[in-house]
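Here is how the chains run, residue by residue.
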Amino acid sequence: MRDIEIFADRNALVRAEADRFVKLTRHAIESRDRCLVALSGGSTPKPLYQLLATMPYASQIDWSRVHLFWGDERCVPPQHPDSNYRMTRESLLDHIPIPTENVHRIRGEDDPHQAAAAYEQTLRAFFGPEDPPRRSFDIVLLGMGPDGHTASMFPGTAASTESRRWVMPVHVERPRDMWRVTLTTVVLNAAADVALLVAGADKAARLHEVLEERGEPRLPVQRIRPCGGGTLHWMIDKDAAAQLRGAVT
Ligand code: 6PG
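Just so it is clear, the structure is predicted and the values come from calculations on it, not from any experiment.

(A) View of the site of the ligand. Every one of the 16 residues lining the ligand counts as a neighbour, but Ser43, Thr44, Arg74, Ala151 and Lys203 are closest to it. Ser40 places a polar side-chain atom, nitrogen or oxygen, 3.3 Å from an oxygen atom of the ligand. A distance of 2.6 Å separates an oxygen atom of the ligand from a polar backbone atom of Ser43. For the ligand, whose free accessible area comes to 420 Å², the fraction covered by protein is 89%. Mapping the ligand onto the cavity grids shows that it belongs to the largest pocket. Split into classes, the residues belonging to the shell around the ligand amount to 2 nonpolar, 10 polar and 4 charged.

See below:
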């Protein structure tokens, strides 16, 4: 199941996602006694994290029951300006009462193959022995790059079509030459709720292609299709939605 919501601007999108985040977190904690969240890097989630760190949002969540993971990481040390962990720490973690043992970062400072294998073990300890897992995260936040990548599943990479491994190393030359580590659709599609946060005019043409062009899906973001009752929510601002015609409900 998927739905699409369009907002007047990035701020409205971020506020709506913060409300959804609080609701989903509370629901997961009520029903499963904990909430497992996969966070995204990128510029769109940053203001969301900043908002969640402020009142009333921060106090509406029992952070001691929340476990934070990352959908992808750049292979740099955790204090590096490119680190997704660092961005999240500065915008959210430093401001909320979350126990350090509930924060499960990808070790970007390690060899990418080792970091991916170690992170897969971390996830297996939470999701249980089933492979693929029947249910992974309660909440997944993702962005979409102008080339149609999501997490660090870039077009043409093995990670973007992987059907067995949960976490993979990825080397890409663009937008910058670097190694990254990414979760694959094996675990992302087993989530209960996936939000794709897309803002900005530079995404408009690709978003039209992704949501409205017929034919075989060929972009990594099109492989995000939660199964087993999970839902996909496209949260889009007006600029990114500028070229959408009919798909929007
Ligand atoms: C990353 C991301 C990546 C991001 C998209 C969209 O680490 O770079 O996880 O997949 O979400 O590139 O980024 P923006 O929100 O900055 O457009």
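Next, the rest of the story.
(B) Structural context of the packing of aromatic side chains. For the structure shown, the criterion picks out 5 aromatic pairs. Here Phe127 and Phe137 contribute two aromatic rings whose centre-to-centre distance is 4.9 Å and whose plane-to-plane angle is 85 degrees, an arrangement assigned as edge-to-face. Here Phe137 lies in the loop between α5 (112–127) and β5 (139–143) and Phe127 lies in helix α5, a separation of 10 residues in the sequence. This pair shows no difference in class: Phe127 is buried, exactly as Phe137 is. An aromatic cluster is defined as three or more aromatic residues linked by ring pairs; in this entry it consists of Phe69, Phe126, Phe127, Phe137 and Trp166. Looking at Arg105, its charged tip hangs above the ring of Tyr85, at a distance of 5.5 Å from the centre. In this structure, Arg124 packs its charged tip against the face of Trp166, placed 4.1 Å from the ring centre.

Calculation criteria
- Residues numbered from 1 in each chain as written.
- Predicted model: local features only at pLDDT ≥ 70, side-chain atom pairs only at ≥ 80, totals over all residues.
- Heavy atoms only, no water.
- Near = heavy atom within 4 Å.
- Polar contact = N/O pair within 3.5 Å; in protein donor to acceptor, adjacent residues only side chain to side chain.
- Areas by Shrake-Rupley, 256 points an atom, 1.4 Å probe, with all protein chains shown as cover.
- 1 Å grid on protein atoms, 1.4 Å probe; cavity = no way out; pocket = protein on both sides within 12 Å on 5 of 7 lines; lining within 4 Å.
- Sits in = over half its atoms within 2 Å of the grid points.
- Nonpolar A, V, L, I, M, F, W, Y, C, P; charged D, E, K, R; others polar.
- Phe/Tyr/Trp six-rings, centres within 6.5 Å; stacked < 30°, edge-to-face > 60°.
- Helix = DSSP H or I, 4+ residues; strand = E, 2+ residues; numbered from the N terminus.
- Buried < 20%, exposed > 50% of the residue type's maximum accessible area, 1.4 Å probe, protein only.
- Lys NZ or Arg CZ within 6 Å of the ring centre and 35° of its normal.

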